[in-house]
Amino acid sequence: PKRIFSGIQPTGAIHLGNYLGAISQWVKMQNNNEDIILSVVDLHSMTLPHDPKQLSRNILQMTATLLGCGIDPQKVVLFQQSTVLEHTQLCWCLSCICTMPRLAHLPQYKEKSKDLKDIPLGLFVYPVLQAADILAYKATHVPVGEDQVQQIQLAQDLARMFNSRFGETFPIPHTVITGAEFARLRSLRDPLKKMSKSDPDPKSRICMTDSPDEIVRNIKKAVTDFTSEVTYDQEKRPGVSNLISIHSFVTNKTVDEICSEAVNITTGQYKLMVADAVVSYLKPIQDKIEQYSSDPGYLKDILQDGRDKARNICANNLAEVEYKLGLRVKV
Ligand code: TYM
């Protein structure tokens, strides 16, 4: 049976990359009545030094954000990762079959550790916990942005290794990536980089909670190139093409429609059009996020309910893992 799992770190406001690349996909799958489990992966948000107060605020804020974006807790299982202990338990079991060189080669680890003097073990083990998230539910499909592909490959490898050593247990999870440019929305400041939460320059991204003024300012300042026509070419014109992708998403128009409508205007004028479209697309979502944020009691109830449902699903799977590993002593 098909089962979808995905996760998102509770790191403050999400940006359009998270929304286009991941969350909007989840909403679509939910509306197709698929079996989908979503986790606010708080344990993944403490691999680098963090502020505990901020983290607990962010867990609720992310919950409000997901609901505001259209995630329906009646249809999906939505829960906080650390409340389901099976994740860390399976993480340990998988750590014992994963090797250190396999982790050391992962690009996100290399990227995040390169400027650190002391590297936390958690940062290194991060992808094993991610594999545990997925495998604890025997998930078959994992919808994510392109930056997660290598980490899901690790989950696939660990599933295969576990199966071959201890007997068929986990399905091999497929990575599901959205089409076009949405799987890797680019930074507004440097279109060769992805839009990222950790970019120190807030002008590099559009956050779901940005005010209209901020959105207009950031899109106006988006780095493009020296050609003034509006044409789509991801390779040669990554900056404008990124704006066209965003525009196409928020208006539901094709890239061709957009370019033919914009034949007579400059990229400068075009930016204002994109900004307007983004502002009006985000407005109702922002209102809903704000509404949900004002009701922390409700958010906690949702997460608690989600935790119970998540546990119900993964407890059996962990019992099977324990059995296969020889941890269940029979007398
Ligand atoms: P996170 O919290 O960094 O990002 C959440 C989702 O947003 C996608 N994304 C993007 N998509 C398109 N363009 C971009 N510029 C962009 N930036 C981010 C990410 O690909 C992701 O799908 N390790 C994960 C969280 C995680 C997880 C899991 C995911 C933990 N366990 C199990 C799937 C399955 C992460 O840090 O995502």
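Here the structure is a predicted model, which is why all the values come from computation and not from measurement. (Residues numbered from 1 in each chain as written. Predicted model: local features only at pLDDT ≥ 70, side-chain atom pairs only at ≥ 80, totals over all residues. Heavy atoms only, no water.)

Caption draft 1: Region of interest: the packing of aromatic side chains. Using the criterion set out here, one finds 10 aromatic pairs in the structure. Centre to centre, the rings of F182 and F249 are 5.3 Å apart; their planes meet at 85°, and the pair counts as edge-to-face. In this pair, F182 sits in the loop between β5 (174–176) and α8 (212–220) while F249 sits in helix α9 (residues 238–251), placing the two residues 67 residues apart along the sequence. With respect to class, F182 is no different from F249; both count as buried. (Phe/Tyr/Trp six-rings, centres within 6.5 Å; stacked < 30°, edge-to-face > 60°. Helix = DSSP H or I, 4+ residues; strand = E, 2+ residues; numbered from the N terminus. Buried < 20%, exposed > 50% of the residue type's maximum accessible area, 1.4 Å probe, protein only.)

Caption draft 2: Examining the domain arrangement of the protein chain more closely. Splitting the protein chain by domain gives domain 1 (4–177 + 295–325) and domain 2 (186–290). The distance between the C-alpha centroids of domain 1 and domain 2 comes to 29 Å. On the side of domain 2, 17 residues touch domain 1, which itself brings 19 residues to the contact. Of the roughly 1500 Å² buried at the junction of domain 1 and domain 2 (both faces included), carbon and sulfur atoms supply 69%. Connecting domain 1 to domain 2 are one salt bridge. The partner of K194 in a salt bridge is D147, and the shortest N-O contact between them spans 3.0 Å. At the surface where domain 1 touches domain 2, the tally comes to six residue pairs in polar contact (both at pLDDT 80 or more). Counting residues per element, the ones that place at least two in the side of domain 1 that touches domain 2 are α1 (16–31) and α2 (52–68). Top contributing element to the side of domain 1 that touches domain 2 by residue count: α1, with six residues. Split into classes, the residues belonging to the side of domain 1 that touches domain 2 amount to eight nonpolar, 10 polar and one charged. (Domains from an automatic or database assignment. Contact = heavy atoms within 4.5 Å. Buried area = accessible area lost by both parts, 1.4 Å probe. Salt bridge = Lys/Arg side-chain N within 4 Å of Asp/Glu carboxyl O. Polar contact = N/O pair within 3.5 Å; in protein donor to acceptor, adjacent residues only side chain to side chain. Nonpolar A, V, L, I, M, F, W, Y, C, P; charged D, E, K, R; others polar.)

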